[in-house]
Every structure is written in structure tokens, then in C-alpha cells.
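Summary of the model geometry
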Amino acid sequence: MASETSASASPAPSSGSPAPASSKKVKYSGRGARDRYREDLANRDEAKLPQKRFFRQRAHANPFSDHQLDYPVSPDQMDWSPYYPAYFARTGGLLEPIDITTDPDEDMGAEAVALTKTGIVDIVDIGCGFGGLLVELGPKLPNSVILGMEIRTSVTNYVTERIHVLRVQHKDRGLYQNISVMRANAMKFLPNFFKKGQLAKIFFCFPDPHFKARKHKARIISQTLASEYAYVLKPGGIAYTITDVEDLYMWMAKHFDDHELFKRLTPQELEEDECVAIMTTATEEGKKVERNKGEKFITCFRRLPDPEW
């Protein structure tokens, strides 16, 4: 794995049971409250969802800064097993995802440990925030494997813990094994993780609008990045966008409209796509817009087949 230089990436969500700890109630306030909370969280004895207030981080992160990020040299070098451990427990070397609801405690020993599998992810939420869309999509799309990519360290840690707890709470049903999160900079390294035509869906939910003109180059949609999204999306795949900033909506729509490999979905197609409805209400930003009675701007684009040369 190659790496950049800055803060360390968070570990992948775990499928195991939480570590034992004291059941004594602790109030967290004052200086050092966040550190005390996280230390106790690591040693808890119950599967309890994390409190978001202890994982807050500024909304903006510079995608051009050097961060310490682990990323594969190529998609063939990416090992997804730490992120989706249940999919690797009993595959017997097969490349297809397994039925994770059957015999969840079965152990294949060294065969599972030796297995490295690539190309498993088929849906990505870029800038996944606190993971609301991941949590909603996971049970609704059980045959898909969904990844959230988030550049902010503290937010990634929150989603990692959230997924771990949900897996523990729903272990008997095998839910949430098909979602995961990683700290990553999608603007720089997306093709390092995904092969050509690997993805079926990419979500861009309430991305940073970067209002100032000199900051527009940091927007997650551009002509160059649209080409990267076309590369990792398979023909027929869909790029979903939603924002509460009309200027950003027009910016994203223009760059996808101008790209020869994307075609805008019709209003009827938007209405019939269940992922559009989920995207509209599932994210924390979306819920905040609803509370403030704001407007949401949605546009989605289908990846067209490659032209014949």
C-alpha cells in the first residue's frame, strides 16, 4: 500500500463483539471530555451507538493537502477483507459474495485468512459524512456492497464505530455487513481503489459548495473528475447528486451534461429510482435542510456505453 503524509487512517469496522468494560455511567463534560468518552467507548461492554457530539469536526477539509492516507497502487492490490469481514469467512476461494446470514460463526481458519479478494464494492458514497446514507442503503440493497469515503478523520472514526455497533446489534440477521467506510481522498485516488466499470452507483450528497470562485477547483465535480467517475462507473451506472445550494446544483449539472459519457435522468426515472428517495431523506445534511425548510436540488446521470472507435 502506498501512503501520503499526515494523520493516520481509521481501522475498518469490526464484525466482532465489543470488549468488556465497566457498566458504570459516566458523564462527559469539560476539558478532555472527548478523549475520555472515546477511551471508554473502546472498552465498553455493550453495543451502544456512538454519540455524534464527540466526533464533531469542521465541515471543510482541503482535498489538496497532504494527508496520511493508505491507498493501493492499483485496484488489484486492494484487500477488502478488513472492511467486509463477513464476506470472507466462508468463501472457500470463490470470488462471489457469500450468504452472510447463514452460520455466521462458522470458521474456515487459514483458508479464510489466506484469501484476498478484489472488486467487491459496487456502490460508493463520496464524502459520506456521518454515514446516514450508508445505514439506509445497506438493508435496502442487500446484494450490493457499499463503501463510504470520507476525508475527515474524526467523522470517519464515528462512522466506523457506528457500523461496528450496528453489526453487533443485528448479528443474528447479518445486517450491515455490506456497508463500510474508509478515510480517503476520492479526488486524488479513486482509480487506485476501483477498476474500470466496477461501480454501479456513485453518490454525491450535499458536497462542500466552496462558494468562493478561487475555491471552485476544490469542488468534487469538475470536467476532469467527471471523466474519472465515467471510468469507474459501468455503462448504465448512475451518478447521484443532491445539494441545497442552487449554484452548486447548476455547476454539477453542467459538468455532467457537458460530458459525452453521461446523460441526465428524466423526471420519471428519478421518481422511479428508490435510491433517489433514500438519498433525499437519509443524510444528516438532508435532515438539517428539512428542519430549516430549505430546498433540495437533485439531478442524476446515467453512464452511457463507450463509443465505438
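Rules behind the numbers
- Residues numbered from 1 in each chain as written.
- Predicted model: local features only at pLDDT ≥ 70, side-chain atom pairs only at ≥ 80, totals over all residues.
- Heavy atoms only, no water.
- Buried < 20%, exposed > 50% of the residue type's maximum accessible area, 1.4 Å probe, protein only.
- Helix = DSSP H or I, 4+ residues; strand = E, 2+ residues; numbered from the N terminus.
- Pairing = 2+ DSSP bridges.
- Phe/Tyr/Trp six-rings, centres within 6.5 Å; stacked < 30°, edge-to-face > 60°.
- Lys NZ or Arg CZ within 6 Å of the ring centre and 35° of its normal.
- Axes fitted to C-alpha atoms, helices over the stretch in contact; angles between N-to-C directions.
- Contact = heavy atoms within 4.5 Å.

1. Comments concerning the pairing of strand β6 (residues 199-205)
Taken across its seven residues, β6 has seven buried, putting it largely inside the fold. Examined bridge by bridge, strand β3 (residues 123-126) and β6 share four bridges and lie parallel to one another. By the bridge assignment, isoleucine 123 is partnered in β6 with lysine 201. For β6 and strand β7 (residues 233-243), the ladder comprises six bridges, and the chain directions are parallel. Note that in β7 the partner of phenylalanine 204 across the bridge is threonine 241.

2. Thoughts on the packing of aromatic side chains
Any aromatic ring pair is given by two values, namely how distant the centres are and how the planes are angled relative to each other. Counted according to the given criterion, the structure contains 13 aromatic pairs. Each ring, one from tryptophan 80 and one from phenylalanine 194, has its centre 6.0 Å from the other, and the planes form 10 degrees; the classification is stacked. Pair noted here: tryptophan 80 is in the loop between β2 (70-71) and α2 (110-114) and phenylalanine 194 is in the loop between α5 (186-193) and β6, with a separation of 114 residues, a long-range link. You'll find tryptophan 80 and phenylalanine 194 in the same group, each marked buried. Centre to centre, the rings of phenylalanine 256 and phenylalanine 262 are 4.8 Å apart; their planes meet at 70 degrees, and the pair counts as edge-to-face. Grouping residues by exposure puts phenylalanine 256 and phenylalanine 262 together as buried. Members of the aromatic cluster, joined through ring pairs, are Trp80, Tyr83, Tyr84, Tyr87, Phe193 and Phe194. A cation sits over an aromatic face here: arginine 219 above tryptophan 251, 4.8 Å from the ring centre.

3. Quick word on the sheet that holds strand β4 (residues 146-150)
What the seven strands build is an open sheet, ordered β5-β4-β3-β6-β7-β9-β8; its pairing is mixed. If you trace the sheet from one side to the other, it starts and ends with β5 (179-183) and β8 (262-264), each paired once. Averaged over all adjacent pairs, the angle separating strand axes in this sheet is 20 degrees, with direction ignored. Across three bridges, β8 lies against strand β9 (residues 297-303) in antiparallel orientation. Looking at β9, one finds that phenylalanine 262 is bridged to arginine 303. Contacting β3, β4 and β5, α5 crosses the sheet at an angle of about 150 degrees to β4. Set on the sheet, helix α6 (residues 223-232) makes contact with β3, β6, β7, β8 and β9; between it and β7 the angle comes to about 135 degrees.

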